[in-house]
Amino acid sequence: MKIIILGAGQVGGTLAEHLSLDNDVTVVDINADRLNDLQERLDIRTVCGPGSYPNILLHAGIEDADLLIAVTNSDEANIIACQVAYTLFRTPRKIARVRASQYTAYEELFGNGALAVDMMISPEQLVMQHIKRLIEHPDALQVVNFAQGKVQLAAVRAFYGGPLVGHALGDMKKHMPHVDTKVVAIFRRNKPIIPTEDTIIEPDDEVFFLATPSHIDLVMSELRTLDQPYKRVIIAGGGNIGSKLAEALEHQFNVKLIEHSVPRTQILAAELTKATVLQGDAADRELLLDENIQETDVFCAVTNHDEANIMSAILAKRLGAHKVMALINRSAYVDVVEGGDIDIAISPQQTTISSLLTYVRKGDVVNVYSLRRGAAEAIEAIAHGDTKTSQVIGKRIRDIVLPQGTTIGAIVREDHVIIANEDCEIAPEDHVILFLVDKTRIAQVERLFQVGATFL
């Protein structure tokens, strides 16, 4: 595919890194230094200038581009660029990142051809949903949905006290004979292991497994001693993410939201019905103690400043908060802080990238999740065709030549979830859930699910 990416920031740069392996990618930005940095690392073209200008788009090759992805820091520039690309050049597919709730609240703007945006990405909404799932599953590092929530992929860190820790994976069925699940990958000291029944789970292993939503917590209980369900949540930051998160959680949990700005505090107090809104600094030790931080189940720092999120989360943890999360935009910070005082570092870029990749992947790929900060991916692909035109239909999993480091974890057939084993046979229209520990194998997986010419 010929892809033009507008914006060379964190999202645009990470997206270019993902897509340049198998596509002709051009990145446009007004910052020449950012473009030079990307061009030194990646096999891409760059164009310096405003991406919404027709002459800049022409210089980037918009006339024969297959896809435009507008992810600059300006909602207006992203929307206008899509409109220009469609009106002047009839670009087939156009994606815009739109952050302001004043736009995203009106779905009709992005439907029925009102604006020339084929897909609108709202990072704040995606991040809020990601955090909400983590709070609903207290012991998980990550939880993502496939097949409209019929099956979930969860990541959990194994600790002493879990019944399966120190034992082989094959023992899991003995412990839970009525639970269907599959461990699709283990990361040990940051290196991937493709698990077998003989694989021994070690403390501190990061274990990825597939199961139905009702079984997620049961499987996690095999790998660690489970926390009690959360009740008390403190959110630091009343911006778009913080306000959306408070609204989504306030009827399930006891929610307190801390916001520094007095006018913004007044707006939030009027909008939220059950959450308590506090005006102050989330890194104020006395304020946190006054709000019983030592009895808080989750402290979630989601302000617009990485340093403020890191410092307030560390302080909350040291004052007794059970679990702390921090929103961190700079990827260099994530590996440094996660696993110490900060339990989970949340990258808005990786959350956004997952949604964008779903739209870009070839074949009928309906869900893509970028995992472990881009090192691995999970994919939901639909098998089309028949035994003559498809490389997977009619074959048992043991007979499918999968790329190295790729595991088929589950099959969703209509409303039925099948946790995969070697004897499972792929049928037409099956939703197949795959896990890849090596993202460079993505193109090979996509080709497996592309239909041969005779079917077309």
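Everything quoted here is computed from the prediction, not taken from an experiment.

K.L.:
Break down the layout of surface pockets for me, citing the residues and quoting the values.
P.N.:
By volume, the second largest pocket is sized at about 730 Å³. Forming the walls of the second largest pocket are 25 residues, and the residues nearest its centre are Thr181, Lys182, Val183, Glu197 and Ala420. For the lining of the second largest pocket, the secondary-structure elements that each account for two or more residues are α7 (172-175), β9 (181-188) and β20 (406-413). Broken down by element, the residue count for the lining of the second largest pocket peaks at four residues, all from β9.

K.L.:
An account of the pattern of salt bridges is needed here, citing residue identities and associated values.
P.N.:
In the structure shown here, the tally under the stated rule is 24 salt bridges. Among the ionic pairs, Arg285 bridges to Glu286, the shortest N-O distance being 3.6 Å. Overall, Glu286 belongs to the partly exposed group, its relative accessible area being 46%. If you follow the salt bridges from partner to partner, you end up with Arg396, Arg398, Asp399 and Asp423 in one network.

K.L.:
Go over the side chain of Lys244, please, and point to the residues and values.
P.N.:
With respect to the helices, strands and loops of the structure, Lys244 is situated in helix α9 (residues 240-249). Buried and unpaired, Lys244 has Glu247 as its nearest opposite-charge partner, separated by 6.7 Å. Once residues within four sequence positions are removed from consideration, Lys244 is found in contact with Ser101, Glu124, Gln125 and Met128.

K.L.:
Please give an account of the packing of aromatic side chains that cites residues and values.
P.N.:
Summed over all chains, the structure comprises three aromatic pairs. Geometrically, the ring pair formed by Phe146 and Tyr369 is edge-to-face, given 5.2 Å between the ring centres and 90° between the ring planes. Residue Phe146 is located in strand β7 (residues 142-146), and its partner Tyr369 is located in strand β18 (residues 365-371); the two are separated by 223 residues in the primary sequence. Assigned by exposure class, Phe146 and Tyr369 land together as buried. Between Phe208 and Phe435, the ring centres sit 5.2 Å apart and the planes meet at 45°, which makes this aromatic pair tilted. Taken together, the residues Phe208 in strand β11 (residues 206-211) and Phe435 in strand β22 (residues 431-436) connect sequence positions 227 residues apart.

K.L.:
Can you explain helix α1 (residues 10-19)? Please cite residues and give values.
P.N.:
Burial within α1 is extensive, with eight of its ten residues counted as buried. If you check which residues of α1 are buried, you get Val11, Gly12, Gly13, Thr14, Leu15, Ala16, His18 and Leu19.

K.L.:
With reference to specific residues and values, describe the pairing of strand β14 (residues 276-279).
P.N.:
Pairing between strand β13 (residues 254-259) and β14: four bridges, direction parallel. Across the sheet, the residue bridging to Lys256 is Thr276, located in β14. Since β13 and β14 lie parallel, the crossover through helix α10 (residues 262-271) that links them has a hand, and here it is right-handed.

K.L.:
So what's going on with unusual backbone geometry? Which residues, and what values?
P.N.:
A positive phi angle, close to 50°, is found at Ala147, a residue other than glycine. Its location among the elements puts Ala147 in the loop between β7 and β8 (151-157). Despite not being glycine, Asn292 shows a phi value in the positive range, around 60°. Its location among the elements puts Asn292 in the loop between α11 (285-290) and β15 (298-301).

K.L.:
Would you mind going over the sheet that holds strand β2 (residues 24-29) in detail, with residue names and values included?
P.N.:
On the basis of which strands lie adjacent, the open sheet formed by six strands has the order β3-β2-β1-β4-β5-β6 and parallel pairing. Two strands close off the open sheet at either side, each with one partner strand: β3 (45-48) and β6 (119-121). Within this sheet the neighbouring strands show an average axis-to-axis angle of 15°, counted without direction. Alignment of strand β5 (residues 93-97) against β6, held across three bridges, turns out to be parallel. Looking at the pairing, Ile95 lines up with Met119 of β6. The strands that α1 touches are β1 (2-6), β2, β4 (67-70) and β5; relative to β1, the one it contacts most, it runs at about 165°.

K.L.:
Can you explain the environment of Ile267? Please cite residues and give values.
P.N.:
Considering the arrangement of structural elements, one finds Ile267 in helix α10. On the basis of relative accessible area, Ile267 is assigned to the partly exposed category, the value being 40%. In sequence terms Ile267 and Gly238 are 29 residues apart; their C-alpha atoms lie 9.7 Å from each other.

K.L.:
Let's hear about the sheet that holds β20: which residues, and what values?
P.N.:
Pairing in this open sheet of five strands is antiparallel, and the strands run β18-β19-β22-β20-β21 from one edge to the other. The outermost strands of the open sheet, each flanked by one partner alone, are β18 and β21 (416-419). Direction aside, the axes of adjacent strands within the sheet are offset by 15° on average. Against the sheet, helix α14 (residues 348-360) engages β18 and β19 (376-382), with an angle of about 155° to β18.

K.L.:
Could you give an account of the packing of α1 against α14, with specific residues and numbers?
P.N.:
One way to put it is that α1 packs onto α14 with a least axis distance of 10 Å and a crossing angle of 45°. Between α1 and α14, the interaxial angle falls into the category oblique. Seen along the crossing, α1 lies across α14 with a hand that is right-handed. Residue-level contacts link Gln10, Val11, Thr14, Leu15, His18 and Leu19 of α1 to Gln349, Gln350, Thr352, Ile353, Leu356, Leu357 and Val360 of α14. Of the residues that constitute the contact of α1 with α14, the class distribution is seven nonpolar, six polar and no charged.

Definitions and limits used
- Residues numbered from 1 in each chain as written.
- Predicted model: local features only at pLDDT ≥ 70, side-chain atom pairs only at ≥ 80, totals over all residues.
- Heavy atoms only, no water.
- 1 Å grid on protein atoms, 1.4 Å probe; cavity = no way out; pocket = protein on both sides within 12 Å on 5 of 7 lines; lining within 4 Å.
- Points joined across faces, edges and corners; volume = space filled by probe spheres on them.
- Helix = DSSP H or I, 4+ residues; strand = E, 2+ residues; numbered from the N terminus.
- Salt bridge = Lys/Arg side-chain N within 4 Å of Asp/Glu carboxyl O.
- Buried < 20%, exposed > 50% of the residue type's maximum accessible area, 1.4 Å probe, protein only.
- Lys, Arg positive; Asp, Glu negative; His and termini not counted.
- Contact = heavy atoms within 4.5 Å.
- Phe/Tyr/Trp six-rings, centres within 6.5 Å; stacked < 30°, edge-to-face > 60°.
- Pairing = 2+ DSSP bridges.
- Right-handed = clockwise from strand over helix to strand, strands pointing away.
- Axes fitted to C-alpha atoms, helices over the stretch in contact; angles between N-to-C directions.
- Parallel < 35°, antiparallel > 145°, perpendicular 65-115°, else oblique.
- Left-handed = near helix turned anticlockwise from the far one by under 90°.
- Nonpolar A, V, L, I, M, F, W, Y, C, P; charged D, E, K, R; others polar.

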